[in-house]
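# Descriptive structure summary
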Amino acid sequence: MLNYIENNLDEQVTLTEISALLSRDPKYVGKLFRAEVGMSFKEYCLQKKIDNAKHLLLFSDKTINEISVELAYSSQSHFSMVFKKSTGITPYDYRCKRVYYTY
């Protein structure tokens, strides 16, 4: 499951989709996921997308909009809102202050 999520960050991966691939009940897969990983499926997917966004913001020339599209967010504003909620700063500020994060 973790590899599938990691390889499909450019899509909206759902627990229902993963459960269907495994031929298992979504509730069962969700409980198993939480027990094994220590966080919910949704929290894990969000964290992976934010980690990927941080990397792209620091090490690519892609615009914030391009990053939001690449990570399958519905809009740049939605991506920015989710990013800020998770990190405490906007994607723009994260990129501009990268000097402080790389030293």
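All figures in this text were calculated on a predicted structure; none of them were measured in a lab.

When helices and strands are counted, the protein shows 8 helices and 0 strands. The principal-axis extent of the C-alpha atoms belonging to the protein is close to 45 × 25 × 20 Å. Counting the 103 residues in the protein, one finds 33% classified as buried. Expressed as a percentage of contacts within the protein between residues at least 6 apart in sequence, the contacts between residues at least 24 apart total 49%. Within the protein, one finds 14 positive and 12 negative side-chain charges whose respective centroids are separated by 7 Å.

Contact pair helix α2 (residues 15–22) / helix α3 (residues 26–37): the axes reach a minimum separation of 9 Å and the direction vectors enclose 100°. Regarding the angle of α2 to α3, the classification is roughly perpendicular. Residues Leu15, Thr16, Ile18, Ser19 and Leu22 of α2 pack against Pro26, Val29 and Gly30 of α3. A class-by-class count of the residues in the contact of α2 with α3 yields 5 nonpolar, 3 polar and no charged.

The subject of this paragraph is the packing of aromatic side chains. The final tally for this structure, using the stated rule, is 5 aromatic pairs. Centre to centre, the rings of Phe33 and Phe41 are 5.5 Å apart; their planes meet at 75°, and the pair counts as edge-to-face. With relative accessibility at 1%, the residue Phe33 sits in the buried group. Pairing Tyr73 with Phe79 gives two aromatic rings, centres 5.3 Å apart and planes at 55°, and the pair type is tilted. Given a relative accessible area of 12%, Tyr73 falls into the buried group.

What follows is about the environment of His78. Among the structural elements, His78 can be located in helix α6 (residues 76–87). Judged by its relative accessible area of 31%, His78 falls in the partly exposed class.

Taken together, the side chains of Met1, Leu21 and Leu22 present a nonpolar region at the surface, about 270 Å² in accessible area. Residue placement: Met1 occurs in the segment before α1 (2–7). Overall, the relative accessible area of 34% leaves Met1 in the partly exposed class.

Once that is clear, we can look at the nonpolar core. Burial of nonpolar side chains together is a common tendency in soluble globular proteins. Ile5, Phe41, Ile67, Leu71, Phe79 and Phe83 are the most contacted members of the largest nonpolar core, which totals 23 residues. Put simply, the parts of the chain that give this core at least two residues each are α3, α4 (41–59), α5 (64–70) and α6. Element by element, the count of residues in this core is highest for α4, at 8 residues.

When the charged atoms of two side chains lie near each other, side chains of opposite charge can form a pair. Going through the model one piece at a time under the given rule, you end up with 2 salt bridges. One salt bridge connects Lys48 with Glu6, and the closest N-O pair in it is separated by 3.7 Å. Placement of the pair is Lys48 in helix α4 and Glu6 in helix α1, with a sequence separation of 42 residues. Relative accessible area serves as the criterion here: at 24%, Lys48 is assigned to the partly exposed category. When the shortest N-O distance is used, the salt bridge between Glu70 and Lys62 registers 2.3 Å.

Basis of the calculations
Residues numbered from 1 in each chain as written. Predicted model: local features only at pLDDT ≥ 70, side-chain atom pairs only at ≥ 80, totals over all residues. Heavy atoms only, no water. Helix = DSSP H or I, 4+ residues; strand = E, 2+ residues; numbered from the N terminus. Buried < 20%, exposed > 50% of the residue type's maximum accessible area, 1.4 Å probe, protein only. Contact = heavy atoms within 4.5 Å. Lys, Arg positive; Asp, Glu negative; His and termini not counted. Charge placed at Lys NZ, Arg CZ, Asp CG, Glu CD. Axes fitted to C-alpha atoms, helices over the stretch in contact; angles between N-to-C directions. Parallel < 35°, antiparallel > 145°, perpendicular 65-115°, else oblique. Nonpolar A, V, L, I, M, F, W, Y, C, P; charged D, E, K, R; others polar. Phe/Tyr/Trp six-rings, centres within 6.5 Å; stacked < 30°, edge-to-face > 60°. Patch = residues over 30% accessible without salt bridge, like charges linked within 9 Å, V, L, I, M, F, W, Y side chains within 5 Å. Areas by Shrake-Rupley, 256 points an atom, 1.4 Å probe, with all protein chains shown as cover. Salt bridge = Lys/Arg side-chain N within 4 Å of Asp/Glu carboxyl O. Core = buried A, V, L, I, M, F, W, Y, C linked by side-chain atoms within 4.5 Å.

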